Amino acid sequence: MGDVFASAPFIVGKSEPPPIETDIPAEEALCPVISHDWVNEEYKHLVVAASPKALTVRPGQFFNLLCPSPDAGELWLRRPQSVYRIDDAGGRIEFLYKCVGRGTRGLATLKAGDRLNIVGPLGVGFHLDPSWRNIVVLGRGVGLATLAPISQLAAGCGVGVTAILSARNRDFIMADDLFGEVGTVVPVLDSDRSSDVENVERILLGLIAAKRADAFFTCGSNRLMQLMKRLARQHGIPGQVAMEQVMACGLGPCYVCVRTFEVNGRKELRRVCIEGPVFDLQEAVGW
Amino acid sequence: MVDMTVKIGNVTLKNPIMPASGAFSTELAQVMDINRLGALVAKTVSREYRIGNPPPRVAELECGMINSIGLPTKGIEYFLEHQVPDYKRFTPPLVGSISAQTADDFEAMTRDVDVPEVDVIEVNISCPTRNPGGGNFAMHEDHTFNVMSRIRKATAKPVWCKLSPNAGDVVAIAKAAEAAGADALVIANTILGLKINIDTFRPAIGNKYGGISGPGVKPIIVRMVHQCSKAVKIPIIGCGGIVKVEDVVEYMLAGATAVMMGYIIFRNPSGMLAILDGLEEWCRKRGFARVADLTGAMIDEPPMETFAAAAAPIR
Ligand SMILES: Cc1cc2nc3c(=O)[nH]c(=O)nc-3n(C[C@H](O)[C@H](O)[C@H](O)COP(=O)(O)OP(=O)(O)OC[C@H]3O[C@@H](n4cnc5c(N)ncnc54)[C@H](O)[C@@H]3O)c2cc1C
Ligand SMILES: Cc1cc2nc3c(=O)[nH]c(=O)nc-3n(C[C@H](O)[C@H](O)[C@H](O)COP(=O)(O)O)c2cc1C
Ligand code: FES
């Protein structure tokens, strides 16, 4: 038990993955890192071998990662990261993340062959209604990572996907190849001002007019969420948003991860980790 | 086979491993078999709905974490109607934790949670973000004695009193709680602290001050457990910074009969059960037939004469 205190991952008893028990849907597990590469100067793509239970993850769900420390200090809290790709056949799950602080900088130090301690799959993922023929996903920055699996799932079900990917410039359009495989990609950039809300609004109105917007999905930008929420309300389009909040347990008990929601004019707090991270777009408040 | 049972007053637990209030709910059954725990400890409830403090509600420190959740609760009615039956889907005894702003309400809350399904009442008189006159009675022995006496008269159930490490003289508080009739002491709640975000120049958590928990607090709380165990006869439950088997052993040697853990649930949701297994293994290897024999087993002799100690082999 000596290494429990250190930043080394806690060895959780047996090395064999436990059999799937349907009544315990998530687990703490050690996953060998298969590959871990920079996508650009800020974002890294992490591929790990996953246990059968981890592979039951649904689009929009997340894992809580125990990141190694990047410095002489200790990291005490896990870092939530949504699943970016689920490779059932290959037994792998993938993450796409931005290095922003100590946790993600520490995560970035993992090399192929290292082991990553994950807890999951956690939370409520996206919902895909069988009646939808065409969906629109709108994401910015790492929000795209969260939207990738639902886009793949939709395409796999024969649903048309339009992915509006917002970023600073071409270099920060993440996963456009992945979205390209599953639908139509519309990049919008700060560099040429095509990411301005007015322009994105024009694009969304065009999709609504063309009957290519049976449902909206968004993640990663408050500005874009507010836009989608307004248009969805005006046009009666169902919408879902994946939200973020600082977490501790990631499992429900601690009430650290609350955000404000509003239903029929009444405000309430909900926990992102267990009542979300995916919520009804019209009930999300944002700022 | 090691006998893992422990006795806290007239309650026998199948093992000394319990979660700490506020870090546990039946939602933990998502990742672990909570039926293996010595007891289930519910989040503190108060009479009315409380929204809790503004986020961010936690931040990382050098030595653990700081939180100020602000005791959000759906209130006592919801607790009794929904949460208690939910807990009763599981087998370990249920410890209900209550909080109130006044001694009157504490007494009334005690009567309210005195239902057959609640096995033990834990009294949280020590939330660090409340003031001594408004819920944080454990800052002063008179407040502690007064409120605990009222609670004692209101129920025949076991009452565990959760103390504050922020009090100047914790031993005096422990004695006051015992004198008022507490069946056991939980030592302790979190230590009040402040973290400042040097990018924004603002407090790192929404409520400014918060409670420190995690490994950094452990030696402080182990010391308090030891001091209190010398001063009271009622059992003590150690709580603060436990992340491994050795920490549980230390708490028990210091005088604790059982332990509670919060932070480890955040770091390693499988940690409590790993520690439970590890503790049994540790006892077996060290030849302890009963885990209860560890309680208070620290050798507590007067210090050696300095020349003799300095001439002795390194231990
Ligand atoms: C459900 C969910 C899914 C996420 N998915 C992704 C993803 O796929 N890719 C990605 O790049 N990022 C994702 N994030 C954000 C990611 O969790 C944060 O970027 C990360 O925690 C930052 O940690 P840090 O130590 O590097 O940064 P710091 O800023 O140093 O973090 C300090 C503390 O604040 C917390 N924190 C800071 N920013 C966030 C945030 N945005 N959300 C939650 N906690 C935060 C950290 O966990 C840590 O406890 C997701 C967040 C949530 C809640
Ligand atoms: C997020 C969080 C919420 C807590 N909520 C409560 C609570 O509702 N009631 C209570 O008595 N203690 C509460 N505590 C204190 C813990 O029960 C425990 O006393 C403290 O965290 C020390 O243990 P640890 O270091 O193992 O976490 C809370 C602690 C944390 C971190
Ligand atoms: S992070 Fe603990 S309840 Fe959500």
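Heads up: the structure comes first, above all this text.
Cut-offs used in this document
- Residues numbered from 1 in each chain as written.
- Chains lettered and ligands numbered in written order.
- Predicted model: local features only at pLDDT ≥ 70, side-chain atom pairs only at ≥ 80, totals over all residues.
- Heavy atoms only, no water.
- Near = heavy atom within 4 Å.
- Polar contact = N/O pair within 3.5 Å; in protein donor to acceptor, adjacent residues only side chain to side chain.
- Areas by Shrake-Rupley, 256 points an atom, 1.4 Å probe, with all protein chains shown as cover.
- Helix = DSSP H or I, 4+ residues; strand = E, 2+ residues; numbered from the N terminus.
- Nonpolar A, V, L, I, M, F, W, Y, C, P; charged D, E, K, R; others polar.
- Domains from an automatic or database assignment.
- Pairing = 2+ DSSP bridges.
- Axes fitted to C-alpha atoms, helices over the stretch in contact; angles between N-to-C directions.

Novice: What is the right way to look at the site of ligand 1 in this model?
Specialist: Residues and elements named next belong to chain A. Around ligand 1 sit 20 residues in total, of which Arg79, Pro80, Gly103, Thr104 and Glu244 are the nearest. The contact in question runs from a nitrogen atom of ligand 1 to an N or O atom on the side chain of glutamine 81, over 2.8 Å. Interatomic distance of 3.0 Å between a backbone N/O atom of leucine 96 and a nitrogen atom of ligand 1. Here ligand 1 loses 80% of its free accessible area of 820 Å² to cover by the protein chains. Looking at the shell around ligand 1, the elements that each hand over two or more residues are β4 (79–82), β6 (92–98) and α1 (102–107). Among the elements that line the shell around ligand 1, the one with the most residues is β4, at four residues. Tallied by class, the residues present in the shell around ligand 1 amount to 10 nonpolar, six polar and four charged. Two domains each donate at least three residues to the shell around ligand 1, and these are domain 1 (10–122) and domain 2 (134–283).

Novice: Looking at this structure, how should I read the sheet that holds strand β15 (residues 278–280) of chain A?
Specialist: For sheets, the rule is that strands pair by backbone hydrogen bonds, running either parallel or antiparallel. Residue and element names in this part refer to chain A. The mixed open sheet is built from six strands, whose spatial order is β10-β9-β8-β11-β12-β15. Two strands lie at the open edges of the sheet, namely β10 (184–189) and β15, each paired on one side alone. Pairwise comparison of adjacent strand axes, ignoring direction, gives a mean angle of 20° for this sheet. Pairing of strand β8 (residues 134–140) with strand β9 (residues 160–167), which is carried by seven bridges, proceeds in the parallel orientation. Note that in β9 the partner of valine 137 across the bridge is alanine 163.

Novice: Honestly, the site of ligand 2 in this entry has me stumped. Any pointers?
Specialist: All names here are of chain B. Around ligand 2 sit 23 residues in total, of which Ser21, Thr44, Lys162, Gly241 and Tyr263 are the nearest. One of the backbone N or O atoms of serine 21 is found 2.8 Å from an oxygen atom in ligand 2. Alanine 188 has a polar backbone atom sitting 3.1 Å from an oxygen atom of ligand 2. With the chains in place, 97% of the 610 Å² that ligand 2 exposes on its own is no longer accessible. Contributions of two or more residues to the shell around ligand 2 are made by β6 (65–67) and α7 (263–267).

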